[in-house]
Amino acid sequence: MLVSNAQGVPVLCWGPEADMPDLQKRGLCEGVDWSEAQSGTNGIGTSLVERRALCVRPHQHYYATTLRITCVSAPFFDDQGVLAGAANITYYGHASEQAPVGLLMSSISDATRQIEIDHFHQTFAGDRIISIPGETRSGAILLAVDCDDVITGATRGARRVFGLTDTDLSAGIIASDLFAKFLEPLDDTLQAAEYSVLRRWLIRNGGNVTASARDLQISHATLKRKLKAHSLNRRRLN
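Quantities reported herein were computed from a predicted structural model and do not represent experimental measurements. (Residues numbered from 1 in each chain as written. Predicted model: local features only at pLDDT ≥ 70, side-chain atom pairs only at ≥ 80, totals over all residues. Heavy atoms only, no water.)

Participant: Before we go on, may I ask you to explain the side chain of Ser-4 in this structure?
Facilitator: Structurally, Ser-4 can be placed in strand 1 (residues 2-5). Among all residues touching Ser-4, those that are not within four sequence positions of it are Val-9, Pro-10, Val-11, Ile-44, Leu-48, Phe-76, Ala-84, Gly-85 and Ala-86. (Helix = DSSP H or I, 4+ residues; strand = E, 2+ residues; numbered from the N terminus. Contact = heavy atoms within 4.5 Å.)

This is the structure in structure tokens:
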């Protein structure tokens, strides 16, 4: 298995230790330029150019006369939706013709999607991550949202689904506004905000009005009045 950068040069390599000398002769190792411009049709280079998961059989490789390999590759993208590299599984030698392509395609697609998810979570570790259900060839649909409900990041899949651009994100987008056309619009009033604050503190304190009033720095009577105004039942908060 190889993981390349966006230029098609492997930066990580895994394979049987005993086969490493042979793999290096075949170029299945770190540092070899597998870009399509340099090496013709091949798993890594072609998947980077076409930006999709694909399989390249031995007879399809540009250097078919010297390589007996079947490659299954898929690209992955960074937290800004920019092409970052490709992951590749190679069957070589006599095993190349018996490669279980369907299983490998599924495995490599899952692997690249997980790379994108892990990278996105690490990049926006201080924000909430919203995962949107749905199938897309553009990868996982993830949004990073700060404490004010402003979107701070979006994966390539999310950008495709919601039509987001770098300009949109720089200008600022409220997550609830983005979802408004799919979900019931959020009540973004001061009254609704107060209701949410009261409900959260009651839940934190297990419905204890006295403790909640203390944490909110208001009197017990004031909190009781607010609960009545909002029709909040401290025993039914969910």
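Don't stop here, the text continues.
Participant: Quick question: what am I supposed to make of the sheet that holds strand 6 (residues 128-131) here?
Facilitator: Strand pairing within a sheet occurs via backbone hydrogen bonds; the two strands may be parallel or antiparallel. Spatially, the three strands line up as an open sheet ordered 6-7-8, and their pairing is antiparallel. Edge strands, defined here as strands with exactly one partner in the open sheet, are strand 6 and strand 8 (151-154). Across the sheet, the mean angle separating the axes of adjacent strands is 25° when strand polarity is ignored. With four bridges connecting them, strand 6 and strand 7 (residues 142-145) associate as antiparallel partners. In the sheet register, Ser-131 faces strand 7, and the bridge partner there is Leu-142. Each of strand 6, strand 7 and strand 8 is contacted by helix 4 (residues 101-123), which is oriented at about 5° to strand 7, the strand it contacts most. (Pairing = 2+ DSSP bridges. Axes fitted to C-alpha atoms, helices over the stretch in contact; angles between N-to-C directions.)

Participant: Any chance you could explain the sheet that holds strand 1 here in plain terms?
Facilitator: Within the open sheet, the five strands sit side by side as 2-1-5-4-3. Their pairing is antiparallel. The sheet is open, and its two edges are formed by strand 2 (10-13) and strand 3 (54-56), each paired on a single side. Going across the sheet, the axis of each strand differs from the next one's by a mean of 25°, ignoring polarity. When strand 4 (residues 69-77) meets strand 5 (residues 83-92), the two strands line up antiparallel, connected through nine bridges. Each residue of the ladder has a partner; that of Ala-74, found in strand 5, is Ala-87.

Participant: For this particular structure, what's the right way to read the nonpolar core?
Facilitator: Side chains of nonpolar character tend, in soluble globular proteins, to be buried together. Judged by nonpolar contacts, the single largest core of 15 residues is most densely connected at Leu-143, Ile-151, Phe-162, Leu-164, Leu-178 and Phe-179. Breaking this core down by element, the ones donating at least two residues are strand 7, strand 8, helix 5 (156-162) and helix 7 (175-179). Counting residues per element, this core draws most heavily on helix 7, at three residues. When residues no more than four places from it in sequence are discounted, the contact partners of Leu-143 are Phe-120, Arg-128, Ile-129, Ile-130, Ile-151, Gly-153, Ala-154, Ala-158, Phe-162, Leu-164, Leu-178 and Phe-179. Core analysis: the second largest hydrophobic core is formed by 13 residues, Leu-2, Leu-28, Leu-48 and Leu-83 among them. (Core = buried A, V, L, I, M, F, W, Y, C linked by side-chain atoms within 4.5 Å. Buried < 20%, exposed > 50% of the residue type's maximum accessible area, 1.4 Å probe, protein only.)

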